[in-house]
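Chain and residue survey
Take a look at the letters that make up each chain.
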Protein chains: 2
Amino acid sequence: MTEEEYLAAYDPRAFPAVAVTVDVVALTIRDGALHVLLVRRGGPPFEGAWALPGGFVQPDEDLRAAAARELLEETGVTTLGRFHLEQLASYGAPDRDPRMRVVSVAHLAFAPDLPDPAAGSDAREAAWVPVDALGLPDAAGSRDRPVRQRPGTSRRLAFDHARILADGLERARGKLEYTPLATRFTGPEFTIAELRAVYEAVWGDSLHAGNFHRKVLSVPGFVESTGATTERGGTRGGPRSKLYRAGDARLLHPALLRPSREEAVR
Amino acid sequence: MTEEEYLAAYDPRAFPAVAVTVDVVALTIRDGALHVLLVRRGGPPFEGAWALPGGFVQPDEDLRAAAARELLEETGVTTLGRFHLEQLASYGAPDRDPRMRVVSVAHLAFAPDLPDPAAGSDAREAAWVPVDALGLPDAAGSRDRPVRQRPGTSRRLAFDHARILADGLERARGKLEYTPLATRFTGPEFTIAELRAVYEAVWGDSLHAGNFHRKVLSVPGFVESTGATTERGGTRGGPRSKLYRAGDARLLHPALLRPSREEAVR
DNA sequence: ATAATAGTGTCTTTGAGACACTATTCG
DNA sequence: CGAATAGTGTCTCAAAGACACTATTAT
């Protein structure tokens, strides 16, 4: 690339047509299982397949704003509220979209448990789908639970969205280790057991309740007590739990490390 | 309409004109100090300012391939060899380039100590510049050392490259904690002291030589002995060091954590 | 000789995890 | 009552870091 070519940039049409989109890996926890927000494709390519919500970045629209717009549109929520939204990575293999060159800037979102998205005006069907039902390669969470496929659900995600989802899951697992973002999956007040359920759903591993409890309370700024307790004990018995809200820590120190990842080291 | 008909009828120009570029934060260690590869801009905007090497993604070119091409062009090296190259993040603020909408997919590279880049055929001046000389906000490495500004060097990087560089530095600091990538800054064989110098340059902190030594050898797969030793001791005395090469670990377990980041937690 | 460095030994403190145990609440 | 759960106590082991020390080499 010579300087002259670079200066020719004044003419936007001098460059190969590239479309820039955002895609969102939005995760939530339902009934103790990790779910991802998907939309059913209404036209080719990959007609009828599930895909991550996403779309073109509009002129004068920031990448994050575009991702937030897509996320809110498909969830039917009006503001980001307690959502967590961060950039994940960009995907630009030349053949990833058969129509044209598309570079997608993927984002990762954590959402509290939400009602099912209403079928929007854009006629796109959106749904929270259990991650385990998608049969991802290397999905750590799919070891224990049996994979239940929803009727009419093709397991193959459109485009390279299976890879994007896998990358998002891995990022999410890591983020829970050293940030307090697990609290973004819960309501504003939560019990330690609810927080533990978040970790177990995302990591796909069961954790020792007692040690987890002590560990969470020992990390400065992770959670702070509200002073209140739940109205009732658990559905199968047990004392009422104390309630907590997110503290002011942005990083967990020391971190909550996932159980033995020895096998992932080499 | 069949899939083929649909694709044939598809008009790529229906989308807003966006240019996609790659920029590279290439880091190396020279004389114990962290350096970044920069190019001097030869025309407006930001004429005469330093910028990260980068350029447009070519048709049918993968994002990583584009970043590798830019990296090799400006370093004057022919193959990636022992370079480390990973995607960093994408930057797409609507006004980040005054000419048009540009989304840049930034990459992060670690390089061993290389000769100065020859002024290439493209007449762009490229140089390894000490990171401390750039006066970045929140540059952890700039606390101890005095900032020496090179003659004729504007400290302000072009576009949003200061932010990209800052993000790259933070990523690099974190990567050294839990991956063996520090070895990518050295030659194929290195001493523990050389490895420690890498950590000290990137983290901008001095480490305890004895504890570092024991820690590195205790992490499985981080380094493996070559059996050889250096020909001479250090320039100011001391015994000869044993030589090591990179081991087969992809993650360090347990990790080498940076000294007390308590202040960064809230 | 002096100073600097490579590498090792040892002690203290922190934290992770296993296990046990009590108190509370639901069915 | 019996089972499940919240929360705490305690013990063991791994690891981080401070400090000390020896051996080796350059000047």
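Residues numbered from 1 in each chain as written. Chains lettered and ligands numbered in written order. Predicted model: local features only at pLDDT ≥ 70, side-chain atom pairs only at ≥ 80, totals over all residues. Heavy atoms only, no water.

With respect to the side chain of E177 of chain A
Residues and elements named next belong to chain A. Checked against the element boundaries, E177 lands in helix α3 (residues 161-178). What makes E177 buried here is its relative accessible area of 8%. A polar atom in the side chain of E177 sits 2.8 Å from the backbone nitrogen of R258. (Helix = DSSP H or I, 4+ residues; strand = E, 2+ residues; numbered from the N terminus. Buried < 20%, exposed > 50% of the residue type's maximum accessible area, 1.4 Å probe, protein only. Polar contact = N/O pair within 3.5 Å; in protein donor to acceptor, adjacent residues only side chain to side chain.)

Observations concerning helix α2 (residues 63-75) of chain B
All names here are of chain B. Relative to the 18 Å expected for 13 residues at 1.5 Å per residue, α2 spans 18 Å between its end C-alpha atoms, a close match to the ideal helical length. For α2, the complete set of buried residues consists of L63, A66, A67, A68, E70, L71, L72, E74 and T75. Just beyond α2, the residue with positive phi is G76, at close to 75 degrees. (Expected span 1.5 Å × (residues − 1).)

So, the pairing of strand β7 (residues 126-130) of chain A
Residues and elements named next belong to chain A. For β7, the tally of buried residues reaches five of five residues, placing the bulk of the element in the interior. Of the two faces of β7, the one carrying A126, W128 and P130 and the one carrying A127 and V129 are both buried. The sheet contact formed by strand β2 (residues 33-40) and β7 spans five bridges and is antiparallel. Each bridged residue has a counterpart across the sheet, and for H35 the counterpart in β7 is P130. (Pairing = 2+ DSSP bridges.)

Re the environment of E170 of chain B
Residues and elements named next belong to chain B. Along the polypeptide, E170 turns up in helix α3 (residues 161-178). The partly exposed category is assigned to E170, whose relative accessible area is 36%. Along the chain, E170 and V102 lie 68 residues apart, while their C-alpha atoms are 24 Å from each other.

What about the packing of α3 of chain A against helix α4 (residues 192-203) of chain A?
Residue and element names in this part refer to chain A. One can describe the packing of α3 onto α4 by two numbers: an axis separation of 9 Å at closest approach and a directional angle of 145 degrees. Where α3 crosses over α4, the two elements pack in a sense that is left-handed. Of the residues in α4, those in contact with A172, R173, L176 and E177 of α3 are V198, Y199, V202 and W203. Tallied by class, residues from the contact of α3 with α4 come to six nonpolar, no polar and two charged. (Axes fitted to C-alpha atoms, helices over the stretch in contact; angles between N-to-C directions. Left-handed = near helix turned anticlockwise from the far one by under 90°. Contact = heavy atoms within 4.5 Å. Nonpolar A, V, L, I, M, F, W, Y, C, P; charged D, E, K, R; others polar.)

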